[in-house]
Amino acid sequence: NVFGVREHRHGSKTGDGWNALFFSQHGYTKKALGIEGDFECDEKTLGPALLKMRAVFAENKRGHNQQHRKSGKVNARVLGKRAPMHDERVFKKRTMPGKRSYFVLIGIDISASTIGRNIVLAKKAALAQAELCARMGIKFAVYAHSGSDHDPESWNSGIDLDIYLIKEPDEPWSADVKARLTSIGPDSANLDGHTIEYYRKILDRRTETDRIM
């Protein structure tokens, strides 16, 4: 029984992701929870990834020749071979890409099973992906997701989807936003289908030509 969505912002008292009340009460330290750890990705890893991204985006902006066509501009390279054989595929066509724009949504699973090393790795990966998007000038957003009891005071009350707003789509990538990402800890359950539906609706509202989850 999924009742709805609860959105949590940094600094609010709602949600356990940034508050870690449940696990702290059970003796977990911040390091054991994965709230404290090594989240920075070194330049030896980021540098080659950035070069690959630049190559891909540059390729997307280039025009391409479509070969072996039966109409278009004569392809002088194949004319001598194919014309005597009455092969009509002696044309080529130059295609130019349309104007493309990009938006990336990064979602982090912070269910209880990620506690410790797993959430450290998840946050490190998200931080690296966000950093690459920022350096490329690609608009992006970062969220974390979990799920917990609809009514904590009532047993078997059903569940709500919990979404933690780490970086909203048009918010700048800043030190404060990075701190929101690294300081979040594990929460409770997985509601993957509902989470993807929530993320898809965010992407549907964007106007970019290419939207990536």
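See above for the structure.
Here's what I pulled together on the structure shown here. Please read all numbers here as calculations on a predicted model, not as lab measurements.

**Quick word on the overall build of the protein chain**
Within the protein chain one finds seven helices and eight strands. For 213 residues, the compact-globule formula gives about 17 Å, and the C-alpha radius of gyration of the protein chain, at 24 Å, lies well above that figure. Projected onto its principal axes, the C-alpha coordinates of the protein chain cover approximately 85 × 40 × 25 Å. Going through the 213 residues of the protein chain one by one, you find that 37% of them count as buried. For the protein chain, long-range pairs separated by at least 24 residues make up 71% of all intrachain contacts whose partners lie at least 6 apart in sequence. Per element, the accessible surface of the protein chain, about 12,900 Å² overall, is 53% carbon and sulfur. Charged side chains in the protein chain number 35 positive and 27 negative. The centres of these two groups are separated by 15 Å.

**What to know about the sheet that holds strand β6 (residues 139-149)**
An order of β1-β7-β6-β5-β8 is seen for the five strands of this open sheet, with the pairing classed as mixed. The strands lining the two open edges of the sheet, one partner per strand, are β1 (2-9) and β8 (210-212). Ignoring strand direction, the axes of neighbouring strands in this sheet form an average angle of 20°. Note: β6 against strand β7 (residues 159-167), eight bridges, orientation antiparallel. The residue of β7 that forms the bridge with Gly-147 is Leu-161. The strands touched by helix α6 (residues 175-182) within the sheet are β5 (102-109), β6 and β7, with β7 carrying the most contacts at an inclination of about 145°.

**A look at the side chain of Thr-114**
In this structure, Thr-114 sits in the loop between β5 and α5 (117-136). A polar contact is formed between the side chain of Thr-114 and the backbone oxygen of Ser-111, at a distance of 2.7 Å. Once you skip the residues sitting within four places of it in the chain, Thr-114 turns out to touch Asp-109, Ile-119 and Pro-186.

**With respect to α5**
The end-to-end C-alpha separation of α5 is 29 Å, in line with the 28 Å expected for 20 residues at 1.5 Å each. Among the structural elements, α2 (30-33), α3 (43-61), β5, β6 and α6 are those in contact with the buried residues of α5. A positive phi of about 75° marks Gly-137, the residue just after α5.

**Overview of the pairing of β5**
By the criterion of burial, β5 is predominantly enclosed, with six of the eight residues buried. Taken together, the three bridges between β5 and β8 define a ladder with parallel strand orientation. Of the residues in β8, the one forming a bridge with Phe-103 is Arg-211. With respect to chirality, the unit in which β5 leads through α5 into the neighbouring parallel β6 is right-handed.

**Brief notes about the pattern of salt bridges**
Inspection of every chain in the model, using the stated rule, returns 16 salt bridges. Note that Glu-43 is salt-bridged to Arg-135, the shortest N-O span being 2.7 Å. Here Arg-135 lies in helix α5 and Glu-43 lies in helix α3, a separation of 92 residues in the sequence. The exposure class assigned to Arg-135 is partly exposed, which follows from its relative accessible area of 34%.

**As for the packing of aromatic side chains**
By convention here, two paired aromatic rings are described through the distance between centres and the angle between planes. Across all of its chains, the model carries seven aromatic pairs by this definition. Aromatic side chains Phe-22 and Phe-23 sit 5.3 Å apart centroid to centroid with 85° between the ring planes, which places their arrangement in the edge-to-face category. What makes Phe-22 partly exposed here is its relative accessible area of 47%. What makes Phe-23 buried here is its relative accessible area of 8%. Ring geometry for Phe-140 versus Trp-173: centroids 5.5 Å apart, planes at 65°, classification edge-to-face. In this pair, Phe-140 is assigned in strand β6 and Trp-173 in the loop between β7 and α6, connecting sequence segments 33 residues apart. Judged by its relative accessible area of 3%, Phe-140 is buried. Accessibility expressed as a relative area gives 18% for Trp-173, which makes it buried. Grouping aromatic residues by their ring pairs yields a cluster made of Phe-22, Phe-23 and Tyr-28.

Calculation criteria
- For every chain, the first residue of the written sequence is number 1, and numbering continues from 1 along that sequence.
- Since the coordinates come from a predicted model, pLDDT governs what is reported: local features require at least 70, and pairs of side-chain atoms require 80 or more to be given and counted, while whole-chain, interface and lining totals use all residues.
- To obtain the side-chain values, all non-hydrogen atoms of the structure were included, while hydrogens and water were left out.
- Numbering of helices and strands starts at the N terminus; helices are DSSP runs of H or I of at least 4 residues and strands are runs of E of at least 2.
- Each radius of gyration is computed over the set of C-alpha atoms, and the globule rule expresses the reference value as 2.2 Å times the number of residues to the power 0.38.
- For every residue, the accessible area obtained with a 1.4 Å probe (protein chains only) is divided by the maximum for its type, and the residue is called buried under 20%, exposed over 50%, and partly exposed between those limits.
- Whether two residues touch is decided by their heavy atoms; if any such pair falls within 4.5 Å, the residues are in contact.
- Shrake-Rupley sampling with a 1.4 Å probe provides the accessible areas, and residues are treated as covered by the protein chains on show and by no other component.
- Positive charges come from Lys and Arg, negative ones from Asp and Glu, while His and the chain ends are left out of the count.
- Charged groups are reduced to one reference atom each: NZ for lysine, CZ for arginine, CG for aspartic acid, CD for glutamic acid.
- At least two bridges found by DSSP between two strands are what make those strands a pair.
- The convention used is that axes are lines fitted to C-alpha atoms, helices contributing only their stretch in contact, and that angles between N-to-C directions extend from 0 to 180 degrees.
- Between N or O atoms, a polar contact is any pair within 3.5 Å; within protein, one atom must be a potential hydrogen donor and the other a potential acceptor, and residues adjacent in sequence are included only when both atoms are from side chains.
- Given the number of residues in a helix, its expected span is that number minus one, multiplied by 1.5 Å.
- By the criterion used throughout, a crossover qualifies as right-handed when its path from the first strand across the helix to the second strand runs clockwise, the strands pointing away from the viewer.
- Just to be clear on terms, a salt bridge is a Lys or Arg side-chain nitrogen sitting within 4 Å of an Asp or Glu carboxyl oxygen.
- In summary, the pairing rule links any two rings of Phe, Tyr or Trp, Trp by its six-membered ring, whose centres are within 6.5 Å, and it sorts them by plane angle into stacked for under 30 degrees, edge-to-face for over 60 and tilted for everything else.

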